[in-house]
Amino acid sequence: MPSFAGDVLDPAQSHGDLLLQVTGTSARAVSKAADQTLDALPQWRVRWRMAGLRPENRTEDGRGLARNPFHFTEGYGNPATSAGTADRAIVTGAQGEPSWAVGGSYQVVRIIRLATDFWDRDTVHEQERIVGRRRDGRWLDGTPSTERPVFSTDPQGKITPLDAHVRRAAPDRRNPPPMVRRGYNYRGGDGDQGLIFSCFQRDLARGFETVQKRLEGEAMAKYLLTTGGGYFFVPPPGDEWIRAIS
């Protein structure tokens, strides 16, 4: 994963040959499962490891939602169906990718430190204008969270500022970026806290990288510092993938 504008990547918290993601409803069970898996892989050295959680984790209208450290609900921009998710995230045979990649997905992980103390000094109204949504997910023009606003009716950004996060990320909400996101909050030492941002797509250039370049200069940038993460590939399920690369 290259450095984008504003990134300060720590080599000790970036990249790696193998990403192991263990999830569950019990932090203790997840930690135990991760330890057991690593014990079974003595030939591998742990480069970095982080624990995350999803406060208020739930599913509404087919979308997985959770509240991030900035107090906003995330996940509304994802597809509401498994077919929609596959269309954005799963590599197809028509892309020219190797046969072993078909059915898999490109995953981006970003460890983003959030200036929560700085953020909390702003009023809720200002925070909502920086994000471009209400805290509960509703759009600033009153459009329900499950629907898509038409930003072209607000060309000067009087309702939704032109540098708002959601407007920079997807200026045409009728044609959302071809990616599926899922974030986890983290809390480290010395007051360090933030988001383990993760997204999946069939094409890195059209998905994450296009969005990330559009976000340069967004109003939220001064509250964010990406310090690690990497690009990874999630293989298709089943033994076929193992045989294909053997």
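Rules used throughout
- Residues numbered from 1 in each chain as written.
- Predicted model: local features only at pLDDT ≥ 70, side-chain atom pairs only at ≥ 80, totals over all residues.
- Heavy atoms only, no water.
- Helix = DSSP H or I, 4+ residues; strand = E, 2+ residues; numbered from the N terminus.
- Rg over C-alpha atoms; globule rule 2.2 N^0.38 Å.
- Buried < 20%, exposed > 50% of the residue type's maximum accessible area, 1.4 Å probe, protein only.
- Contact = heavy atoms within 4.5 Å.
- Areas by Shrake-Rupley, 256 points an atom, 1.4 Å probe, with all protein chains shown as cover.
- Lys, Arg positive; Asp, Glu negative; His and termini not counted.
- Charge placed at Lys NZ, Arg CZ, Asp CG, Glu CD.
- Pairing = 2+ DSSP bridges.
- Core = buried A, V, L, I, M, F, W, Y, C linked by side-chain atoms within 4.5 Å.
- Polar contact = N/O pair within 3.5 Å; in protein donor to acceptor, adjacent residues only side chain to side chain.

Trainee: Would you mind showing me how to read the overall build of the chain here?
Mentor: On a plain count of helices and strands, the chain comes out with seven helices and eight strands. For the chain, whose C-alpha radius of gyration is 19 Å, the value lies close to the compact-globule estimate of 18 Å for 246 residues. The dimensions of the chain, computed from C-alpha atoms along their principal axes, are 55 × 45 × 35 Å. In the chain, which comprises 246 residues, the share counted as buried stands at 39%. Within the chain, counting contacts between residues at least 6 apart in sequence, those at least 24 apart form 64% of the total. A total accessible area of about 13600 Å² is found for the chain, and carbon and sulfur atoms account for 51% of it. Measuring between centres, the 33 positive side-chain charges of the chain sit 2 Å from its 30 negative side-chain charges.

Trainee: Would you mind going over the sheet that holds strand β2 (residues 63–67) with me for this structure?
Mentor: The strands that make up a sheet are held in pairs by hydrogen bonds between backbone atoms, and each pair lies either parallel or antiparallel. Pairing is antiparallel across the open sheet formed by three strands, whose spatial order is β1-β2-β3. The sheet is open, and its two edges are formed by β1 (58–60) and β3 (73–74), each paired on a single side. Where β1 meets β2, three bridges bridge the pair, whose relative direction is antiparallel. Bridge pairing links E60 to R63 in β2.

Trainee: Would you mind showing me how to read the nonpolar core here?
Mentor: Soluble globular proteins tend to bury their nonpolar side chains together. In this structure, F70, W119 and F197 are the most contacted members of the largest nonpolar core, which totals 27 residues. Of all the secondary-structure elements, those providing two or more residues to this core are β4 (105–114), α4 (124–131), α5 (165–169), β7 (193–201) and α6 (205–214). Here this core takes four residues from β4, the largest share from any one element. If we ignore the near neighbours within four places in the chain, the residues touching F70 are L114, A115, T116, W119, M220, Y223 and L224. Among the nonpolar cores identified, the runner-up in size contains seven residues, and W48, Y184, Y186 and F232 belong to it.

Trainee: Sorry if this is basic, but what is going on with the side chain of T226 here?
Mentor: Counting through the fold element by element, T226 comes out in strand β8 (residues 224–234). A polar side-chain atom of T226 sits 3.3 Å from a polar atom in the side chain of R110. Discounting chain neighbours no more than four positions away, the residues touching T226 are D7, V8, L9, R110, I111 and I112.

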